[in-house]
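One letter stands for each residue in the lines below.
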Amino acid sequence: FFSETRRRWVDVMWSSSPKRELTRARRSVGRNASGKRPNTSHIASKDPSSRSDGGRSRRERQNGESNLTAAGEPREATLLVDCPDAKGVVAASAAMLYGQGCNIIETDQHACPDAGLFFQRIHFDYSECYLGSSEAAIAGLEAAIESVADRFDMKWSLSLGNKPKRMAVLVSKFDHCLYDILLRKNSKELDCEIPVIISNHDDLRHIGEQFGIPFYHLPMRIDPNFSEEQKLAAKHEQESEIELLLKQYEIDVVVLARYMQVLSDDFCERHQAHTINIHHSFLPAFEGGYPYHRAYDRGVKIIGATAHYITADLDAGPIIDQDVIRISHRDSVEDMIQKGRNLERSVLSRALSWHLEDRVLIHNNKTVVFGY
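Because the structure is a prediction, the values reported are computed rather than measured.

### Some thoughts on the packing of aromatic side chains
How two aromatic rings sit relative to each other is given by the distance of their centres and the angle of their planes. Overall, the coordinates contain two aromatic pairs when judged by the stated rule. Where Y216 meets Y249, the ring centres are 6.0 Å apart and the plane angle is 65°; that geometry is what we call edge-to-face. Linking Y216 in strand β7 (residues 215-217) with Y249 in the loop between α8 (228-248) and β8 (253-256), this pair joins segments that are 33 residues apart in sequence. Overall, Y216 belongs to the partly exposed group, its relative accessible area being 26%.

### Considerations on the packing of helix α10 (residues 291-298) against helix α11 (residues 333-356)
Their axes nearest at 9 Å, the elements α10 and α11 cross at an angle of 120°. Between α10 and α11, the angle is such that the two are oblique. Crossing geometry of α10 relative to α11 is assigned as right-handed. Every residue of α11 that contacts α10 at Y292, H293, A295 and Y296 is listed here: V333, M336, I337, G340, R341 and E344. Considered class by class, the residues forming the contact of α10 with α11 number six nonpolar, two polar and two charged.

### Structural notes on the sheet that holds strand β1 (residues 76-84)
As summarised here, the arrangement of the four strands in space is β2-β3-β1-β4, forming an open sheet in which the pairing is antiparallel. Among the strands making up the open sheet, the edge pair consists of β2 (103-112) and β4 (155-160). Averaged over neighbouring strand pairs, the angle between their axes works out to 10° when direction is ignored. Examined bridge by bridge, β1 and strand β3 (residues 117-125) share nine bridges and lie antiparallel to one another. Directly across from D82, in β3, lies its bridge partner F119.

### Let's talk about the sheet that holds strand β9 (residues 275-280)
Overall, mixed pairing links the seven strands, which are arranged β7-β6-β5-β8-β9-β10-β11 in an open sheet. Single-partner strands in this sheet number two, and they are β7 and β11 (319-326). In this sheet, neighbouring strand axes are inclined to one another by 20° on average, regardless of whether the strands run parallel or antiparallel. Looking at chain direction, strand β5 (residues 165-171) and strand β6 (residues 192-199) are connected through six bridges and run parallel. The residue of β6 that forms the bridge with V171 is S199. Against the sheet, α8 contacts β5, β6, β7 and β8, and its axis sits at roughly 160° relative to β6.

Definitions and cut-offs
- Residues numbered from 1 in each chain as written.
- Predicted model: local features only at pLDDT ≥ 70, side-chain atom pairs only at ≥ 80, totals over all residues.
- Heavy atoms only, no water.
- Phe/Tyr/Trp six-rings, centres within 6.5 Å; stacked < 30°, edge-to-face > 60°.
- Helix = DSSP H or I, 4+ residues; strand = E, 2+ residues; numbered from the N terminus.
- Buried < 20%, exposed > 50% of the residue type's maximum accessible area, 1.4 Å probe, protein only.
- Axes fitted to C-alpha atoms, helices over the stretch in contact; angles between N-to-C directions.
- Parallel < 35°, antiparallel > 145°, perpendicular 65-115°, else oblique.
- Left-handed = near helix turned anticlockwise from the far one by under 90°.
- Contact = heavy atoms within 4.5 Å.
- Nonpolar A, V, L, I, M, F, W, Y, C, P; charged D, E, K, R; others polar.
- Pairing = 2+ DSSP bridges.

The structure is reproduced here in structure tokens:
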């Protein structure tokens, strides 16, 4: 009796309470005319454009701008991190991005216990960043990253992925790497734009015309009787013309596709973090001209190729990729040259692809290549 009375008293009090009325109102709003609850599963869709508001947040509707690209794809960015190894680095970075409304798509990390170092690559989507507009979003992201960097003594770089990098190709007379780069770019194996080709010889102009890319011939105007000071001045003059083209075409990446010209220390120091060179791997054993002929005379059993960033120290920059192939007594000099060129194509294309995808982190004179 007492339990039945108590149950009725509770029902009466609950039915007349403001909370009960609010719950009833919410249930009424949440049902359609047929009395059934509408299907709202599209709200949790991974595709923001599937939402009933077209994928736009309230802030975006108020500002009248979308956080998606014109093609409807999400805005993506890549964060590279280099810092002393410490507990909580990964958690702090992930929490920071989550706090900005970002979604981590891919992450990779590497720790060096002996050296006490930690490296990380985070690829993330910032389409739904809480700050709304892209300019404000990037500024807010950089400020948030800096706050984490201060805590962990962190070096970092942030690269936006929705705008392809613009790459300049420097060549001389060898065409195999140039052709390979242009074909891979056209087949979308390399995600970049190539607005200009620069050469110290005019031999490969027809390739630029074939692919519809402006070709600039910037010769080295050096007289055999020049003094060392005059030669250096001529080099600086030619490199200043290269610099003007790099600025004019808003170049992000420079590739030396068998550019047979030694660059000045000043040029290397200005462009060392985004200029990639390719050469055979006989160095330093067979420096200078005709390396394959001298390697053949020596009877080498392995030849290779190396792709690296440039530095003021000739062919001694941070290595991005290398590969080798075996040689036998049956291989002629011509066979070795062909095998070497094939290696140069594949090694350079891998190095370029990793750089364009922001997978390479430079630390001192070494690299960490994420996703290798």
